[in-house]
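Listed below are the residues making up each chain.
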Amino acid sequence: MKTFRILTMVALAALLSSAFSACDDNTTDPVDTDPVLAAPSNLKAASANNAVFLSWTASIDEGESNFGSYEISVLNKSTNETLAPRTAGKGITSVRVDGLTNGIRYQFTIRSVTNLGKEGTTFSTIEWSPAFRQTTDLNGLPIKVYATTSTSFNSAIDLYNDQGKAEVIPQSGQTFKDRGDLYLYAQSNTSTLSIISPDQANNQGMVTQFSNATPVDIDDLDAQLAMDPPTDASYTQKELTLNNGTVSAGKVYFGRIVRGTDMFYFRLLVKKGGNGTLVQGSGADRYIEMVASFQNAPNNPFAKH
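Residues numbered from 1 in each chain as written. Predicted model: local features only at pLDDT ≥ 70, side-chain atom pairs only at ≥ 80, totals over all residues. Heavy atoms only, no water.

Novice: Would you mind showing me how to read the overall build of the protein chain here?
Specialist: Looking only at helices and strands, one finds 2 helices and 21 strands in the protein chain. In the protein chain, buried positions account for 46% of the 305 residues. Within the protein chain, counting contacts between residues at least 6 apart in sequence, those at least 24 apart form 65% of the total. Carbon and sulfur atoms make up 51% of the accessible area of the protein chain, which amounts to about 15200 Å² in all. (Helix = DSSP H or I, 4+ residues; strand = E, 2+ residues; numbered from the N terminus. Buried < 20%, exposed > 50% of the residue type's maximum accessible area, 1.4 Å probe, protein only. Contact = heavy atoms within 4.5 Å. Areas by Shrake-Rupley, 256 points an atom, 1.4 Å probe, with all protein chains shown as cover.)

Here it is, written out as structure tokens:
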């Protein structure tokens, strides 16, 4: 009897072991009900006054049922301080990040976040700086620079004077030598107009260099976003020849002002006039109207990707 009981217990143990093994064979991993989402791509930026515009290509996972939003973290690169994150909803591919300081470099990082708050493990990042936006001159008027042929309005411009304003100044005399940033040259009343560095004038003013990067056809500096600024090696020109014919939009040029060992970078939008051209007015009094994004912090070309 004792032997029989032992054999029975062994058989029962084997049966139970077989049953558990069968259960293990049929076990499946639990379904992940909140999978991680892919990051957006093609992150771009543009400088505004105390703000930066960002745009991106939507995440390929936006159509997933658990897609919640985009989270944008902001890091002050000067102090290493993390600012309050910004959020953009599903279907949004651009934001304006306010509350920043001109001349400070910020790192922007964007991730996709699920409805339950799970952050994506991948991200897109870019570094950019806000910059002063000059839309009017010292007197609150549109910024107009006249050609050198004009006897009444002959002028140059200081893009960022001691008050932080754009100031139209005469294209002659000590003021021009000391702080003229560019002027508008015309050989005659009908010749092509050029934006020129002051050091090319007879009285030898300051040095301004223009990038040889292709100018951007656009009517609004806010809409001119990029992944990188022009390279330092591209600033090889001291003259920009303007198209005298009809244009589809204004043109954005890139420049920098040389002041000793410091470089001050800017974007210059030459606006399209009501006549459909960059060059407005007629005869001796032709002119251009402009808007500028000026980086007052030295040696800061807006971005570092």
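Novice: Could you clarify how one ought to interpret the sheet that holds strand β11 (residues 167–169) in this entry?
Specialist: What holds strands together in a sheet is hydrogen bonding between their backbones, with the strands either parallel or antiparallel. Read from one edge of the open sheet, 5 strands run β11-β10-β12-β13-β17, paired in antiparallel fashion. The open sheet has two edge strands, β11 and β17 (239–241), and neither has a second partner. In this sheet, adjacent strand axes meet at a mean angle of 25° when their direction is disregarded. (Pairing = 2+ DSSP bridges. Axes fitted to C-alpha atoms, helices over the stretch in contact; angles between N-to-C directions.)

Novice: What am I meant to see in the nonpolar core here?
Specialist: What tends to happen in soluble globular proteins is that the nonpolar side chains get buried as a cluster. Among the nonpolar cores identified, the biggest contains 28 residues, and L159, I195, L242 and M290 are the most heavily contacted of them. Among the elements of the structure, β9 (143–146), β12 (182–186), β13 (193–196), β18 (251–259), β19 (262–270) and β20 (287–294) are those that each provide at least two residues to this core. Aside from chain neighbours lying at most four places away, what touches L159 is Q134, K165, A166, D181, L182, I257, F266, M290, A292 and F294. Membership of the second largest hydrophobic core comes to 26 residues, among which are L54, F67, V95 and Y265. (Core = buried A, V, L, I, M, F, W, Y, C linked by side-chain atoms within 4.5 Å.)

Novice: Mind showing me how you'd approach the pairing of β18 here?
Specialist: On a regular strand, one side chain projects to one face of the sheet and the next to the other, so that they alternate. Buried residues dominate β18, accounting for 8 of its 9 residues. As paired elements, strand β14 (residues 207–211) and β18 share 4 bridges and run antiparallel to each other. Bridged to F210 within β18 is G255. By the bridge criterion, 2 bridges tie strand β15 (residues 216–217) to β18 in an arrangement that is antiparallel. From the neighbouring strand, D217 faces β18, where its bridge partner is K251. Examined bridge by bridge, β18 and β19 share 9 bridges and lie antiparallel to one another. Bridging across to β19, Y253 finds its partner in L268.

Novice: Please explain the sheet that holds strand β2 (residues 51–57) as it appears in this structure.
Specialist: The strand order across the open sheet formed by 3 strands is β1-β2-β5, and the pairing between neighbours is antiparallel. The open sheet has two edge strands, β1 (41–48) and β5 (94–97), and neither has a second partner. Ignoring which end each strand starts from, the neighbouring axes of this sheet average 20° apart. Looking at chain direction, β2 and β5 are connected through 4 bridges and run antiparallel. Among the inter-strand pairings, V52 is bridged to a residue of β5, identified as V97.

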